[in-house]
Amino acid sequence: MNRKKGDKGFESPRPYKLTHQVVCINNINFQRKSVVGYVELTIFPTVANLNRIKLNSKQCRIYRVRVNDLEAAFIYNDPTLEVCHHESKQRNLNYFSNAYAAAVSAVDPDAGNGELCIKVPSELWKHVDELKVLKVHINFSLDQPKGGLHFVVPNMEGSMAERGAHVFSCGYQNSTRFWFPCVDSYSELCTWKLEYTVDAAMVAVSNGDLVETVYTHDMRKKTFHYMLTIPTAASNISLAIGPFEILVDPYMHEVTHFCLPQLLPLLKHTTSYLHEVFEFYEEILTCRYPYSCFKTVFIDEAYVEVAAYASMSIFSTNLLHSAMIIDETPLTRRCLAQALAQQFFGCFISRMSWSDEWVLKGISGYIYGLWMKKTFGVNEYRHWIKQELDQIVAYELKTGGVLLHPIFGGGKEKDNPASHLHFSIKHPHTLSWEYYTMFQCKAHLVMRLIENRISMEFMLQVFNKLLSLASTASSQKFQSHMWSQMLVSTSGFLKSISNVSGKDIQPLIKQWVDQSGVVKFYGSFAFNRKRNVLELEIKQDYTSPGTQKYVGPLKVTVQELDGSFNHTLQIEENSLKHDIPCHSKSRRNKKKKIPLMNGEEVDMDLSAMDADSPLLWIRIDPDMSVLRKVEFEQSDFMWQYQLRYERDVVAQEEAILALEKFPTPASRLALTDILEQEQCFYRVRMLACFCLAKIANSMVSTWTGPPAMKSLFTRMFCCKTCPNIVKTNNFMNFQSYFLQKTMPVAMALLRDVHNLCPKEVLMFILDLIKYNDNRKNKFSDNYYRAELIDALANSVTPAVSVNNEVRTLDNLNPDVRLILEEITRFLNMEKLLPSYRHTITVSCLKAIRVLQKNGHVPSDPALFKSYAEYGHFIDVRIAALEAVVDYTKVDRSYEELQWLLTMVQNDPVPYIRHKILDMLTKNPPFTKNMESPLCNEALVDQLWKLMNSGTSHDWRLRCGAVDLYFTLFGLSRPSCLPLPELGLVLNLKEKKAVLNPTIIPESVANNQEPVNSTNNHGQSVGFQNTEDDHLIKETASSISGHQQGVKRKADMPLGSPLEPGQILEKNEDSKVKLKIRFSNSQEEEEIDMDTVHDSQAFIYHHLNMLERPSTPGTSKEQSSGEMNMHPVSAAPLSVFSKESNSSKHSDHHHHHHHEHKKKKKKHKHKHKHKHKHDNKEKEKDPFAFSNSPASARSIRSPSLSD
Amino acid sequence: MRTAPYGSKMADTASGGSGTRSGSKHATTPADNYYLARRRTLQVVVSSLLTEAGFESAEKAAVETLTEMLQSYISEIGRSAKSYCEHTARTQPTLSDIVVTLVEMGFNVETLPAYAKRSQRMVITAPPVTNQPVTPKALTAGQNKPHPSHIPGHFPEFPDPHTYIKTPTYREPVSDYQVLREKAASQRRDVERALTRFMAKTGETQSLFKDDVSTFPLIAARPFTVPYLTALLPSELEMQQMEETDSSEQDDQTDTENLPLHMSTDDSGPEKENASVLQQNTSLSGSRNGEENVIDNPYLRPVKKPKIRRKK
């Protein structure tokens, strides 16, 4: 979105404006998992000759469409169902990503597109010309939806309500189109009337106010009537139906909580805190919660832990907990706070376009951060900021950058902002999930940077302004055209910032919002005694991927003997060195307290210092006001001072990490002191445990005394009289609880000179387990016990194996036997007395995998597979699946990989499907540069199919499949595919032979370009790389490639090297190029793809053949022709001269031709969704959903083509 | 002619008779001998009475039956008389008790003196004085304590010393913390292991080692129909524990609800405050029950009846 455009206000991409929508679901069948209902949209045309209305709808079977009670013809076409329509043998991810982005664009509501195209009946044209209101009534049904709406139906006896069956809407970004036809955009606001008729035992929870609940005539069902008078985007509409228990919040009666049967006590406890979050947000925003009510629903098999919708939030039921649970409590409260922040920014205030998403995510994340600061304290807040910063930095450096505000105004792909990524960032639906989470993380960090610049007060004023504008607008009638005030845009947001604060934050925005990448600083220093000056050198790395150059102020804090001093350096283009004058002369003899930054004065033992220098420690950018990674060099004693005396937890954590490199007794002492210090932030102490373990391992030969932390643990947690026995559990003090949990885990990482875990430590941990006694504790010890098992797992070292002997019980290491004994007992006890969230089972499974991996126990996935089955608690399943994924990698098991991929396709729980792909991506069985027996053509086909058509019901899943494909095969053609056997390929349509594009040398490829397209520089780079890759691979693996080729030939009974399939494949290759190039030029010239396709389809249909020369009037179609396998008279593909093998040629041609005819015929049937055919076509309907863009375009029913 | 009724009587009491007979046959203890001697005297009495009445001979069974009846009769008199005497708060029966008893049993007492002085009565020698059988004391442990001087002698004796004297055990009770903990731990461990082994033996198992299924048997994983319930709800044991700790540490209970606050804030200072605030809160929520009628939440409103169908 261009910013100037935003200034003028919001311009709808649609030729009409939606004002009101009715959604009525008459029937929900849990047994069949089906939904029947209708929607009615009230729209006002904004242009005179509106004859088509495009809406979004996926999966829905549409029975009938009426416009103002007149039957209307419609077409349902969803190109995202199958992205690459042809059986492309190219298998090139670059190609796929472009095609996918194009498909998503083709139905993108923000571009005025949609899957469902309704023709306004001609009788109404006059009516439309007067811009009078239209009512579009659509009857639809959903059968076994695979996305958007999730049914949970436990398989047991009893009525649906008794079984706890429920259904809820879910999805990633705008996914409402999956369950009812709508304008699925965050920018199209309207008021809503929602009606749900459900079983009398069920409750339907939805957005807005519940107006009334009415029984049906047979009294067996009831209808819930909801009204949402605040204009809301369809994407923020949600639904949850189930036999919920209802809890009215005791503090705020307009807030209602819902949970599944039997969980009411947990719900009471979990939500007892929510009102405080409400109060906090309302106070800082000085604004009432915008909706008249709020509902929280806790459901099983959640898509995400927290999903915020207008006036309601859907949570995972696994967030519920009792008062006995410590660890889950802060996590759940965070989720509640997050959901509530998004109510203000995200639901109430929506966004204008995808490129404004960062503002909403940023603000909601930022105010959530403020809540964290208030609730958990500054330490926790700073720790969190640091954590988020580290995460985003690591991600950007790994993948090459996250762009908050992508601008696609010009459409010039050559400055494609995300060329380093394997997916398009133009649409939320094409984003990798990990990228999206990082995007949110960066957004709130940037908001914090803005706050740093303009002060929190102004920041909150801006938010307040946005909210009050929106709430004024929301109470206005549609006619006042005020509703767009409820949409936030980047430009609008920046404008209010400058209005409120009067400050120019443009450089900041340019740096972090309009540009991707983070800053990487390397710092080092020298002290010039003569001049009493600190010479600081700060270098930047801005050439690596994901980095950018930083120019501007940078704060440096120097702690000297006389106090702490802040200096602001100007980081400029060429200046690396900065001289900072020191305030204090070195004087170490005078005993004097040393003032710290916070005004505190402390005594320090200065003996470790350099006698000549007054510097205690130096910190670069202590406030984290740059998104950066700092690698700073200072001596070990400085880090130690920093750890001991700097009061900022971030500094302490940095010091701990740095001390890992200094395994000295002094470091040991500093860390132990921190560990013991109760005033110290517990997370710092926990971190110190692990650092101490590492240091101890580095110092193993010189280490004196008992194993690290042992005596400390004994002193803190064991009985005074018998130090080998731990006290009975009392977790009243949470800081020490967390420490008690962590220390054994860290201790288990200790190793002796033989690189084994010391026997003493193992026995110590076993004793902790043995003497663990929770009877007197009022908190559950399940997390503690789980971590003790983790500790056992940490103590495991690789088995000494002689000649790869088979692992049996007889040669089991005695220590491992003890460990196994414990694990067996714990795992079995879990069956009888399950722990909260089965944390112990999870830890046991992980430990067993560790034992397998280290060769103590035979490696076998059977156990994990049984725990991964549907019906186990989700955490257990994930742990088990993680083990299977790991097994697949280590043992290179094709069978297990297949098993996982089958689960990705079939598992009932969307989160599991997503998670498997995610885990496979993070721990891949092989990667693109690796030889692996798993990497074969069938796998390529399978994954391709998965992302191409198998995951069309779930954006997140599809992107997950893309990620996996990228990890396994890279951007270019997978290396395991057989190399083309022919150097020359026939392009039959052009009657030309060309060099096989996959092996075209670089120079040739370059030569081609000007001929084909004039504007593809950005893309061509990618292609050269592709070809480079292939060249390399060709030489490197020619033997294997050949073998594979032979094998493949055997599979296909086509002996001839020139068999049609083979040729086709190559053709596809060339088409890939054309298509991509085409889409580039399309962007630039802003051709309406649909008109192109319409007319194209028309020609195709009527002229009825391939070889016809095109008419002069359709020159544009010519260039697009290739894409749809049309005869094309476009510029020749190749500079090579014609050469044809005539007989083969015609053979192939025939084949090709025939196929097309068949396809056409089929589609002709499928796509006539005209209601007249409705009854007749009902059985065929399911097919209709599996169309693809090209086919659909080509069979516009004649009545619709102009 | 005279024997006939006895024959029938005998049949009636046959079982009783045989019972006593078998009892007397095997009598060996001194107590039995004592009773036997008494009975024999009674038999003599019955026989002489029969003789007096003119019988020349009697079947043994008939005599036995009559003896039995007589014994019962006399026993009943004694029992009844004892009751009457106890009823009047005495321990020794008096003549009047006997008289009342006899009257009560339907016996004409007036006739008794005349009967006693009848001429043809036979006098039987008194039965040989046998020692009252000594009931062997079941458990005599130690000497009964003599009464102290201030207790009158008619008061019952002290009971056996073992019933009231603390018996010192030979070993000190285990109060050593270490041993206790050790014991508790190993006990629990043993129970757990036994239980899980049992469960594993009786149900399906999985094993980590293909060749050995018994050393580390794992109870097979079984999917649940509603997995979240077992995962989220505290087990009964935990609930029980929670109640126990609740009652003992009521003050502390409340601040669990504040829990994350404490993670960052330093320590006990604010803890108390929060606790009190929360106590207020909980009391607030407690009093909510009364207000509940006032709450106007759409989900609590009654479901409306369907409207009467409009034109259709």
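Residues numbered from 1 in each chain as written. Chains lettered and ligands numbered in written order. Predicted model: local features only at pLDDT ≥ 70, side-chain atom pairs only at ≥ 80, totals over all residues. Heavy atoms only, no water.

Another aspect to go through is a nonpolar patch on the surface. A cluster of nonpolar side chains, L49, Y73, I74, F107, L112 and Y115 of chain B, forms an exposed patch at the surface whose accessible area comes to about 490 Å². Residue classification places L49 of chain B among the partly exposed residues on the basis of a relative accessible area of 32%. (Patch = residues over 30% accessible without salt bridge, like charges linked within 9 Å, V, L, I, M, F, W, Y side chains within 5 Å. Areas by Shrake-Rupley, 256 points an atom, 1.4 Å probe, with all protein chains shown as cover. Salt bridge = Lys/Arg side-chain N within 4 Å of Asp/Glu carboxyl O. Buried < 20%, exposed > 50% of the residue type's maximum accessible area, 1.4 Å probe, protein only.)

Before going further, it helps to spend a moment on the pattern of salt bridges. All names here are of chain A. Under the criterion given, the structure shown has 59 salt bridges over all chains. Its salt-bridge partner being K17, residue E188 comes within 3.1 Å of it at the nearest N-O pair. Of the two residues, E188 is situated in the loop between β10 (166-169) and β11 (189-199) and K17 in strand β1 (residues 16-29); the sequence distance between them amounts to 171 residues. Since its relative accessible area comes to 1%, E188 is described here as buried. Residues R177 and E115 are paired through a salt bridge, measuring 2.9 Å at the closest nitrogen-oxygen approach. Pair noted here: R177 is in the loop between β10 and β11 and E115 is in the loop between α2 (93-106) and β7 (116-119), with a separation of 62 residues, a long-range link. The pair R177 / E115 is uniform in exposure class, with both members buried. (Helix = DSSP H or I, 4+ residues; strand = E, 2+ residues; numbered from the N terminus.)

Okay, the nonpolar core next. Counting 358 residues, the largest nonpolar core has I118, Y281, F345, W358, I450, F463 and F493 of chain A as its most contacted members. For this core, the element with the most residues is helix α10 (residues 433-454) of chain A, which contributes 12 residues. Formed by five residues, the second largest nonpolar core is a distinct cluster that contains V46, L50, F55 and V63 of chain B. (Core = buried A, V, L, I, M, F, W, Y, C linked by side-chain atoms within 4.5 Å.)

What follows covers the sheet that holds strand β25 (residues 552-560) of chain A. In any sheet, the strands associate via hydrogen bonds between backbone groups, in a parallel or an antiparallel arrangement. Residue and element names in this part refer to chain A. Spatial ordering of the open sheet is given by β26-β25-β30, a layout of three strands whose pairing is antiparallel. Looking at which strands have only one partner, the edges of the open sheet turn out to be β26 (563-571) and β30 (615-620). Each adjacent strand pair in this sheet contributes to an overall mean axis angle of 20 degrees, direction not counted. The sheet contact formed by β25 and β30 spans five bridges and is antiparallel. Its bridge partner lying in β30, V556 is registered against I620. (Pairing = 2+ DSSP bridges. Axes fitted to C-alpha atoms, helices over the stretch in contact; angles between N-to-C directions.)

Bringing the sheet that holds strand β5 (residues 70-71) of chain A into the picture now. Residue and element names in this part refer to chain A. Read from one edge to the other, the open sheet built from eight strands follows the order β5-β4-β8-β2-β1-β11-β14-β13, with strand pairing classed as mixed. With partners counted over all chains shown, the strands left at the sheet margins are β5 and β13 (209-215), one partner each. Sheet analysis places β1 next to strand β2 (residues 34-45), joined by 12 bridges and oriented antiparallel. Across the sheet, the residue bridging to I25 is G37, located in β2.

Once that is clear, we can look at the UniProt feature "domain: Bromodomain associated" (unreviewed entry) in chain B. UniProt feature "domain: Bromodomain associated" (unreviewed entry): in the numbering of this structure it lies at residues 34-111 of chain B. Between the first and last C-alpha atoms of residues 34-111 of chain B the distance is 32 Å; the span itself is 76% helix and 0% strand. (UniProt positions renumbered as here; feature names shortened; annotations may be inferred.)

Taken domain by domain, chain B holds domain 1 (30-117) and domain 2 (177-244). Relative placement of domain 1 of chain B and domain 2 of chain B: their C-alpha centres are 73 Å apart. (Domains from an automatic or database assignment.)

Once that is clear, we can look at helix α25 (residues 874-891) of chain A. Look at α25 of chain A: 25 Å from first C-alpha to last across 18 residues, which is about the 26 Å you get at 1.5 Å a residue. Of the residues trailing α25 of chain A, R892 of chain A is marked for its positive phi of about 50 degrees. (Expected span 1.5 Å × (residues − 1).)

Position of R163 of chain A among the secondary structure elements: in helix α4 (residues 160-163). No salt bridge forms around the buried R163 of chain A; measuring N to O, its nearest opposite-charge neighbour E157 of chain A is 6.7 Å away. Here M156 of chain A takes part through its backbone oxygen, which lies 2.7 Å from a polar atom of the side chain of R163 of chain A. Among the polar contacts listed, one links the side chain of R163 of chain A to the backbone oxygen of G158 of chain A, at a separation of 3.4 Å. The contact partners of R163 of chain A, leaving out residues within four places of it in the chain, are Q31, V153, P154, M156, E157 and G158 of chain A together with V226 of chain B. (Lys, Arg positive; Asp, Glu negative; His and termini not counted. Polar contact = N/O pair within 3.5 Å; in protein donor to acceptor, adjacent residues only side chain to side chain. Contact = heavy atoms within 4.5 Å.)

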